[in-house]
Amino acid sequence: MRIRFTKMQGAGNDFVVLDETRGRLSLSAAQYRFLADRHFGVGADQILSVRPSPAAGLDFEYVIHNADGGEVEHCGNGARCFVRFVRDRGLTDKSTVKVKVKKGEIALTMNPDGRVTVDMGAPVFDWGQVPFEPSGLRATATHGWTVFDLPLGDLNPVTVAVLSMGNPHAVQRVASVESAPVALEGPLIERHSAFPNRVNAGFMEVVSRTQIRLRVYERGAGETLSCGTGACAAVVAGIRQGWLDPRVDVQTRGGMLSIEWHGLGQPVHMTGPATPVFEGEIDLPDV
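Residues numbered from 1 in each chain as written. Predicted model: local features only at pLDDT ≥ 70, side-chain atom pairs only at ≥ 80, totals over all residues. Heavy atoms only, no water.

Peer 1: Whenever I open this one, the overall build of the protein confuses me. Can you help?
Peer 2: Helix and strand content of the protein: four helices and 19 strands. The C-alpha radius of gyration of the protein comes to 18 Å, within 12% of the 19 Å expected for a compact globule of 287 residues. For the protein, the spread of C-alpha atoms along the principal axes amounts to about 50 × 40 × 35 Å. The buried share of the protein, taken over its 287 residues, is 54%. Of the contacts formed within the protein by residues at least 6 apart in sequence, a portion of 61% connects residues at least 24 apart. Summed over all atoms, the accessible surface of the protein reaches about 11800 Å², with 48% contributed by carbon and sulfur. Positive and negative side-chain charges of the protein, numbering 29 and 32 respectively, have mean locations separated by a distance of 2 Å. (Helix = DSSP H or I, 4+ residues; strand = E, 2+ residues; numbered from the N terminus. Rg over C-alpha atoms; globule rule 2.2 N^0.38 Å. Buried < 20%, exposed > 50% of the residue type's maximum accessible area, 1.4 Å probe, protein only. Contact = heavy atoms within 4.5 Å. Areas by Shrake-Rupley, 256 points an atom, 1.4 Å probe, with all protein chains shown as cover. Lys, Arg positive; Asp, Glu negative; His and termini not counted. Charge placed at Lys NZ, Arg CZ, Asp CG, Glu CD.)

Listed below in structure tokens is the structure:
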């Protein structure tokens, strides 16, 4: 089967975008893995599918598959690319679109400067909804918020803040992201038994109350140049622990994201770039 695709990136987090507004491609997990493969396919951190509105009051449905072929709940950098794609393709002329994701709805706004702002919704702290099973873990309070020591086998335990931005995150503070053991600790945190659906592992360096540096080992993708939901989770974790102000610039290896959050029950807003790279066609194997 031959399909058309668009390659896009948001702060270095790269995507293959598929237009399914006229019909489902019905790809298998193996075909998503093929598309994401950087040697045999197109190469991407995630595959984004643009689908028609599933209900009144929504403009589109937004479906995300990781490089390992598994469907996931949310991708913030992908959301920015999503709205750029539907506007560039003439699928909408709206500046703000509302789309369905796996665990809810989000609003995406194209700004006059070309950057995109995403209403990521309110962060979730209920352990059952993350999901997170903290039984047996040592818990401490930081600025009135509970954080946990996560055992990592032969390595020293790490202290993580746990929350969901539509997908699960465990964020730790490090002295330097450059020297942080992302490749060593990331896979152990991702697959820790306390996280039934695995977790994204964030490594945050606090530069000032308005700036952090961040690396993220993403669930099902490994370390990426940028992670939008990871940036949101890190800022929320930093604010709740008393380290950060409500508006923070997040420097990732792929670029800068601006995150804003004004406290419990309020949505997180993320602003950043969304850039088309190239378009093409590819023959998919029958797997």
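That was the structure; now back to the text.
Peer 1: Just to check I follow, could you spell out the side chain of Asn200 for this structure?
Peer 2: Note on placement: Asn200 falls in strand β13 (residues 200-208). In this structure the side chain of Asn200 is engaged in a polar contact, spanning 2.8 Å, whose partner is the backbone nitrogen of Arg219. Leave out the neighbours within four places in its chain, and Asn200 touches Asn167, Pro168, His169, Ala170, Val216, Tyr217, Glu218 and Arg219. (Polar contact = N/O pair within 3.5 Å; in protein donor to acceptor, adjacent residues only side chain to side chain.)

Peer 1: Any chance you could explain the packing of aromatic side chains here in plain terms?
Peer 2: Where two aromatic rings form a pair, the distance of their centres and the angle of their planes describe that pair. Counted under the stated rule, the structure contains nine aromatic pairs. Summarising the aromatic geometry, the rings of Phe5 and Phe278 are spaced 6.0 Å apart at their centres and angled 85° between planes, so their arrangement reads as edge-to-face. Of this pair, Phe5 sits in strand β1 (residues 2-10) while Phe278 sits in strand β19 (residues 275-283); the two residues are 273 residues apart in sequence, bridging distant segments of the chain. Judged by relative accessible area, which is 5%, Phe5 ranks as buried. When the ring of Tyr62 is compared with that of Phe82, the centres are 5.0 Å apart and the planes differ by 55°; the resulting orientation is tilted. (Phe/Tyr/Trp six-rings, centres within 6.5 Å; stacked < 30°, edge-to-face > 60°.)

Peer 1: Explain the pattern of salt bridges here, please?
Peer 2: Pairing is possible between side chains of opposite charge, provided their charged atoms come close. This structure, assessed with the given rule, holds 25 salt bridges. With its nearest N and O atoms 2.6 Å apart, the salt bridge here joins Lys94 to Asp59. Residue Lys94 is located in the loop between α2 (76-88) and β6 (96-101), and its partner Asp59 is located in the loop between β3 (46-52) and β4 (60-66); the two are separated by 35 residues in the primary sequence. What makes Lys94 partly exposed here is its relative accessible area of 40%. Here Asp245 ties to Arg209 by a salt bridge, and the two come within 2.8 Å at their closest N and O atoms. Highlighted residues: Asp245 in the loop between α4 (228-240) and β16 (247-252) and Arg209 in the loop between β13 and β14 (211-218), separated in sequence by 36 residues. Owing to a relative accessible area of 40%, Arg209 belongs among the partly exposed residues under this scheme. Salt bridges here are not isolated pairs; linked through shared partners, they connect Arg2, Arg4, Arg89, Glu279, Glu281 and Asp283. (Salt bridge = Lys/Arg side-chain N within 4 Å of Asp/Glu carboxyl O.)

Peer 1: Looking at this structure, how should I read the nonpolar core?
Peer 2: In globular proteins that are soluble, nonpolar side chains generally tend to be buried together. In this structure, Tyr62, Leu108, Ile212 and Ile259 are the most contacted members of the largest nonpolar core, which totals 56 residues. A per-element tally of this core places α4 first, with eight residues. In contact with Leu108, other than residues within four places in its own chain, are Ala79, Phe82, Val83, Ser95, Thr96, Val97, Val99, Thr117 and Val118. By size, the runner-up hydrophobic cluster in this structure holds 21 residues, among which are Phe132, Leu150, Val160 and Ala201. (Core = buried A, V, L, I, M, F, W, Y, C linked by side-chain atoms within 4.5 Å.)

Peer 1: Would you mind showing me how to read the environment of Glu105 here?
Peer 2: You can see Glu105 is positioned in strand β7 (residues 104-110). Taking C-alpha positions, Glu105 is 10.0 Å from Phe60, a pair spaced 45 residues apart along the chain. Look past the residues within four positions of Glu105 in its chain and what remains in contact with it is Leu58, Lys98, Val99 and Lys100.

Peer 1: Help me understand unusual backbone geometry in this model?
Peer 2: Negative phi values dominate among residues other than glycine, just as trans dominates among peptide bonds. Here the amide bond leading from Val130 into Pro131 is cis, since omega sits at -10°, within 30 degrees of zero. The backbone of His143 sits at a positive phi, close to 60°, despite the residue not being glycine. Here His143 shows up in the loop between β9 (138-142) and β10 (145-152). Note on His143: relative accessible area 61%, which makes it exposed.

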